[in-house]
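For reference, the chains in residue letters:
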There are 4 protein chains.
Amino acid sequence: MSFNTFGHLFRFTSFGESHGAAIGCVVDGCPPRIPLEAADIQAHLDKRRPGQSRFTTQRQEPDAVKIMSGVFTDETTGKQVTTGTPIMLLIENVDQRSKDYSDIKDKYRPGHAGYTYDVKYGITDYRGGGRASARETAARVAAGAVARKIVPGLTVRGALIQMGPHKIDRARWDWNEIGNNPFFCPDAKQAKFFEAYLDGVRKAGSSCGAVIEIVAEGVPAGLGAPVYAKLDGDLAGALMGINAVKGVEIGDGFLTAAMSGEDNADEMRMGNEGKPVFLSNHAGGILGGISSGQAVVARFAVKPTSSILTPRKTVDRYGRDTEIVTKGRHDPCVGIRAVPIGEAMVACVLADHFLMQRGQMGEGTAWPFKPGA
Amino acid sequence: MSFNTFGHLFRFTSFGESHGAAIGCVVDGCPPRIPLEAADIQAHLDKRRPGQSRFTTQRQEPDAVKIMSGVFTDETTGKQVTTGTPIMLLIENVDQRSKDYSDIKDKYRPGHAGYTYDVKYGITDYRGGGRASARETAARVAAGAVARKIVPGLTVRGALIQMGPHKIDRARWDWNEIGNNPFFCPDAKQAKFFEAYLDGVRKAGSSCGAVIEIVAEGVPAGLGAPVYAKLDGDLAGALMGINAVKGVEIGDGFLTAAMSGEDNADEMRMGNEGKPVFLSNHAGGILGGISSGQAVVARFAVKPTSSILTPRKTVDRYGRDTEIVTKGRHDPCVGIRAVPIGEAMVACVLADHFLMQRGQMGEGTAWPFKPGA
Amino acid sequence: MSFNTFGHLFRFTSFGESHGAAIGCVVDGCPPRIPLEAADIQAHLDKRRPGQSRFTTQRQEPDAVKIMSGVFTDETTGKQVTTGTPIMLLIENVDQRSKDYSDIKDKYRPGHAGYTYDVKYGITDYRGGGRASARETAARVAAGAVARKIVPGLTVRGALIQMGPHKIDRARWDWNEIGNNPFFCPDAKQAKFFEAYLDGVRKAGSSCGAVIEIVAEGVPAGLGAPVYAKLDGDLAGALMGINAVKGVEIGDGFLTAAMSGEDNADEMRMGNEGKPVFLSNHAGGILGGISSGQAVVARFAVKPTSSILTPRKTVDRYGRDTEIVTKGRHDPCVGIRAVPIGEAMVACVLADHFLMQRGQMGEGTAWPFKPGA
Amino acid sequence: MSFNTFGHLFRFTSFGESHGAAIGCVVDGCPPRIPLEAADIQAHLDKRRPGQSRFTTQRQEPDAVKIMSGVFTDETTGKQVTTGTPIMLLIENVDQRSKDYSDIKDKYRPGHAGYTYDVKYGITDYRGGGRASARETAARVAAGAVARKIVPGLTVRGALIQMGPHKIDRARWDWNEIGNNPFFCPDAKQAKFFEAYLDGVRKAGSSCGAVIEIVAEGVPAGLGAPVYAKLDGDLAGALMGINAVKGVEIGDGFLTAAMSGEDNADEMRMGNEGKPVFLSNHAGGILGGISSGQAVVARFAVKPTSSILTPRKTVDRYGRDTEIVTKGRHDPCVGIRAVPIGEAMVACVLADHFLMQRGQMGEGTAWPFKPGA
């Protein structure tokens, strides 16, 4: 059972509200003797951190992470390493600016979780969105930074591939461009366009959605636990669970519905290293819920935030019709900062399945079979 | 931790291979005193059952379910009811026809789980796909039939809304048409077209994909457990975990990426029953991972099956290049039978969250707030 | 983990009532390629099987187990092996003899679960104790038989060491005697006495308790997951969860309360195989919740069954004062058949922790440390 | 559930080492709108806090708890209440005094977890026992303080009933005496004796064990989840999981082995409130794993700590024979401070089962049955 805990063997439990004292998480099940410094985690948090361009909320949060437990000095190397015990990662809130909530305190933003939290719990910390705030995702990124260190040879990268109705040109995909624009966009030309487009959205007090693609390379074949903890099932749950996400695809996703069996089949040939190579990757690296050794490819859609300047019809918590306008700091396109979050969730799922696979199967099976062996 | 167990408080554990002795599941956590006869479950199994039209596999399986435990006679009503103890549902395999597997025994179908199971486990019951067979989904439908009885007033219905590249016309949507064609298609006109289209696919020995939409009405507001067991996260995991599914959407899904915040907001007005009414349902009934009281709408894409007559390049389990052609019985569009399966998974997720909500919150909270109360 | 599922990575879900169609379990998370025949399981079930002496219930149940899924033929060896998918073990009920329950149908046996089941669920299959019957423990023994095959070199044996107020003489402990008497008693002389003693209890229509000791040898050091899935914590939960158990000890158990720190310390010396040897085993093989490599020793107390011929004051389900006498078949000392059940639970806990340890730590750590390495 | 998380629906995840920056826990699944101030928790922590008498370690830790999340101001009452989101409880370590570990850094104390942690993880934060330190139990007490507020009318109290070989006289049991001596002893006369006895143990640099009894009153009938999350099974797991505990009993525990069925039966009569009253409580309030409405009574044995001044034979982490003497601060009888810890674990188990019961069964069943209703 989960609620605020994610994962099976590698898992983390997050806590904290947007305008409370702190947010963070407890990472449990991490193997011991993995080198881990706060700086390793900070590097990923900094990508998600707000206030770094005019395209994200101007809330100034250093998001400085402290490792509060679960590490110790390796005598031999002198490095700080994990000990196998719970790793508590603490991020103090700094710039809460909780002065004025008179407006959203009582009124629900259409498309926001305010109403559903109130109906469910009967009370909500409405300041900055409370627990429903994207601020919680910093905990995910922190946990993901630990997860990345568990599967040997694993690389997880994400890219924004659509902003509003505008897609990138995949022919121009260049991973090196990701860091050259404020959008994690691998298409330099389209990134320029996004800049102008998003300025328009921002100035209009509006918001727009986005599509993010995550690619994990170096995923060992054999990860995934049929039938109700399939690798793709767990990835879909993880990504759909990110704030504002409304759709998830693995590999060719919804396009496969329109494909024929012939076109969708990823044909195989033996490669040089005793492993098969696939002639295409429509499957996104997962077959029958189990990784095939190809790159794992997942995609998710982020809806436009409900924090907009145009008045919307709504009700308040006392059951009265009213209207709402959301002022204050916010992201015109929350999809941008969803890129490192998506990476983190994919890394966590893969680390978890890596440990589960090792638990059930040991160091894994020998493939191909030796006839008569 | 899960593997072959689905759910938290309401959960089921499935077992069985395509050509083994039987398949089935153990449903656990069901509330007591719910009337339950085998016929209640059979009705849903019959929808998923193969061999009912020329568009599904010709394997003849009665899929007759037996309730092996967890029920007893209510003295007062004389009806058979649940007792709160595990409900074992057993479906014996009848038409295994396991004679000849010389071909698929050693060769992997591109796009099928054969290779990944072998790499993971080092051994696979390849007969009819073994554990990876869609036959396992009968257990899900059986569990779903129990789940449907748990949330008072809940209705879960599914429809096939796209076959291959061809979509239905949503303006012609009529739930009453679902039972009038072999596709669970709510658009009678398009169903006719699908018939001709699928005949073509079938005769060509090819296969096609599909898109399914599931609509749950009567979902109480407040279901969902932030932040890692969100209702939409759990639904996405459940639907992506169905065989051959490659994409999942909630509400407007991937379309929301292209929408503005203004258009995406589901505005609210107070209704007559002391509850808000929403002027649209882009969110698909879920905000912040919690149900809003609107209909929950989920959609998923099913890829074309890998069982096709056209030869495909592949490798065998001994690491040799080869080709494969899949003869034998199969569904040209596995998406059709995915409709009752998708309904079942949605029903299970909702039942589970209904019990979790009741556990944490009791009989729920009073909304709207009474000022000064 | 919860309700009717036991374990984390290696786990089983049990089902069935005493007088229903069948009982059994689904074993999940078992590693693949482990040889497994029904006969392997049957051998253990036969030890628990009723009706084998005049000292257990005369119900005649063959307890014949069928493996319904999760196994396949290993091509190389021709043997039936596990495949890593769920193993469903089915035991049909044969001798239900459910004719006359007019007495216990409405009246609660003091000390029995009838009242608490009724209060909890509002309905109970009272026939033969329903789900609360010791018959459910056959599922545990079956799962335990699979578990025994997972940890290489593991042996789990149990013995009855006290019957009523009478203890064995530990100086006469001989494991070879276990099979020579109907009590699993390692003290041949005391077994003779038990025979006479239990005949007296039986003829008086009374019942008596017992204490069972389980010893697991070949447990690798390092198993156990601090701090809330400690090996001793999980063992205690597993053993206390057996029907009629009221106390559990690890190692010297309650005696340690009266010991000094000097006496309780298990001193260590380096052995020949690069591992420490312990000069005593007060700890029962577990320190800090983690196995030390010594034999794991657990002990549990089984209360006398509530099925006795002497009338007892009670109430009925309609809230009326009454008296009850329990006729019908029953065990005068349920502790006897608890021996194979205790063995099974210990085997399941150890298998589970073995897989968890392997998951988190891989093939384990090197001890002792090499200075400067 | 697993590793460092305890519980199913109500659960907490703990973190921290003895000499790290902080310890604490994240409490998840707590119902909303429960008044909760730090002072409510502090009151219980203060009971467990070291350095309050000469009979506990002289480490000076204020154990000041901060509530870092999961609470908000109730508008109506103005009180701070829970919101249903995770409650992070942080306790900073103050008096680590980690200067000199040259001795225990390399040598294993016989009876302590040093060796098993090293074998399991390959690295251990040995300072003050690291994660294996009793310091972790402060997190349990903090979580327990929240748990106590969940079940209406519940009272959980504990008492030390044996120190070393010396038992209290139950005839002199007076709960009011618990706070009048430094041992939580309900027998004022024996408490005096314990004082002298423990002074002797302390001055000799030795240690002694203890037996603790926990009594929970106001437990509703019907709590417990057969068959693998039975209330007694979960209690046993919870209590055995406390540091240094080697035995657990429910009700009459090991004594029941020596009782006859007649003597062990808790006879029933209808009481005035439409509920049965029991004429005795040998069962300790639990039948068939489900609470009966009687007081739940659990008992556990705490072994003497391994930190003693007498030299003991041991090995070091480099595999060399050596001797060890443990100087430094420690408790001569760790069982004393185990009283509030045991209370906390029992409260957590009961809160958890209360929520699970409500989840599966709603507001519960009506008993007694109305004939013909």
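Residues numbered from 1 in each chain as written. Chains lettered and ligands numbered in written order. Predicted model: local features only at pLDDT ≥ 70, side-chain atom pairs only at ≥ 80, totals over all residues. Heavy atoms only, no water.

**Side note on the confidence of the model for chain A**
Do not read the fine detail of predicted coordinates wherever pLDDT is low. Looking at chain A, the pLDDT average stands at 93 and 96% of residues meet or exceed 70. Per the prediction output, this complex has pTM 0.97; the corresponding ipTM is 0.97. (pLDDT = per-residue confidence, 0-100.)

**A few points about unusual backbone geometry**
For the peptide bond that leads from B:Pro226 to B:Val227, omega is 0°, which places it in the cis range. Tracing the backbone shows B:Val227 in the loop between strand E10 (210-217) and helix H5 (231-240). Across the junction of D:Trp367 and D:Pro368, the peptide omega takes the value 0°, indicating a cis bond. As for its placement among the helices and strands, D:Pro368 is situated in the segment after helix H7 (338-361). Positive phi is not limited to glycine here, since A:Asp63 has a value of about 50°. Tracing the backbone shows A:Asp63 in the loop between helix H1 (38-48) and strand E4 (65-67). In this structure, D:Ala244 takes a positive phi of about 75° despite not being glycine. In this fold, D:Ala244 is placed in the loop between helix H5 (231-240) and strand E11 (245-250). Given the relative accessible area of 23%, D:Ala244 is considered partly exposed. (Helix = DSSP H or I, 4+ residues; strand = E, 2+ residues; numbered from the N terminus. Buried < 20%, exposed > 50% of the residue type's maximum accessible area, 1.4 Å probe, protein only.)

**Some words on the sheet that holds strand E7 (residues 87-92) of chain B**
Adjacent strands of a sheet form backbone hydrogen bonds with each other and so pair up, either parallel or antiparallel. Residues and elements named next belong to chain B. Ordered in space as E1-E2-E3-E7-E4, the five strands form an open sheet in which the pairing is antiparallel. At either end of the open sheet lies a strand with only one pairing partner, and these are strand E1 (5-7) and strand E4 (65-67). On average, adjacent strands in this sheet sit at an angle of 20° to one another, irrespective of strand direction. Alignment of E4 against E7, held across three bridges, turns out to be antiparallel. Within E7, the position partnered with Val 65 by the bridge is Ile 91. Relative to the sheet, helix H7 (residues 338-361) contacts E1 and strand E2 (11-16), its axis offset from that of E1 by approximately 60°. (Pairing = 2+ DSSP bridges. Axes fitted to C-alpha atoms, helices over the stretch in contact; angles between N-to-C directions. Contact = heavy atoms within 4.5 Å.)

**Details of the interface of chain B and chain A**
Contacts between the two partners involve 118 residues from chain B, matched on the other side by 119 residues from chain A. Taken over both partners, the interface formed by chain B and chain A buries close to 9,700 Å², and the fraction arising from carbon and sulfur atoms is 62%. Run the count over chain B and chain A and you get four salt bridges. The shortest N-O distance in the salt bridge between B:Asp321 and A:Arg269 comes to 3.7 Å. Where chain B touches chain A, the interface holds 56 residue pairs in polar contact (both at pLDDT 80 or more). Looking at the side of chain B that touches chain A, the element that brings in the most residues is helix H2 (residues 114-121) of chain B, giving seven residues. Of the residues that constitute the side of chain B that touches chain A, the class distribution is 58 nonpolar, 39 polar and 21 charged. When strand E11 (residues 245-250) of chain A meets strand E11 (residues 245-250) of chain B, the two strands line up antiparallel, connected through three bridges. Residue pairing for E11(B): A:Gly247 is matched across the bridge by B:Glu249. (Buried area = accessible area lost by both parts, 1.4 Å probe. Salt bridge = Lys/Arg side-chain N within 4 Å of Asp/Glu carboxyl O. Polar contact = N/O pair within 3.5 Å; in protein donor to acceptor, adjacent residues only side chain to side chain. Nonpolar A, V, L, I, M, F, W, Y, C, P; charged D, E, K, R; others polar.)

**A word on the pairing of strand E11 (residues 245-250) of chain C**
Residue and element names in this part refer to chain C. Counting buried positions along E11 yields six of six residues, so the element is predominantly enclosed. Bridge count for E11 against strand E16 (residues 296-302) is five bridges, and the pairing is antiparallel. Counted as the bridge partner of Glu 249 is Arg 299 from E16.

**Here we look at the environment of A:Ile214**
All names here are of chain A. With respect to the element layout, Ile 214 can be found in strand E10 (residues 210-217). With 79 residues separating them in the primary sequence, Ile 214 and Arg 135 have C-alpha atoms 21 Å apart. Every residue in contact with Ile 214, bar those within four places of it in the chain, is listed here: Val 156, Arg 157, Gly 158, Val 296, Val 297, Ala 298, Phe 300, Val 339, Gly 342, Glu 343 and Val 346.

**A few points about the relation of the copies chain C and chain A**
Overlaying chain C on chain A yields an RMSD of 0.0 Å, the required transformation being a rotation through 180° with an accompanying axial translation of 0.0 Å. Each copy turns onto its partner about a two-fold axis. The position closest to the rotation axis in chain C is occupied by the C-alpha of C:Gly359, lying 1.8 Å away. (Least-squares fit on C-alpha atoms with pLDDT ≥ 70 in both.)

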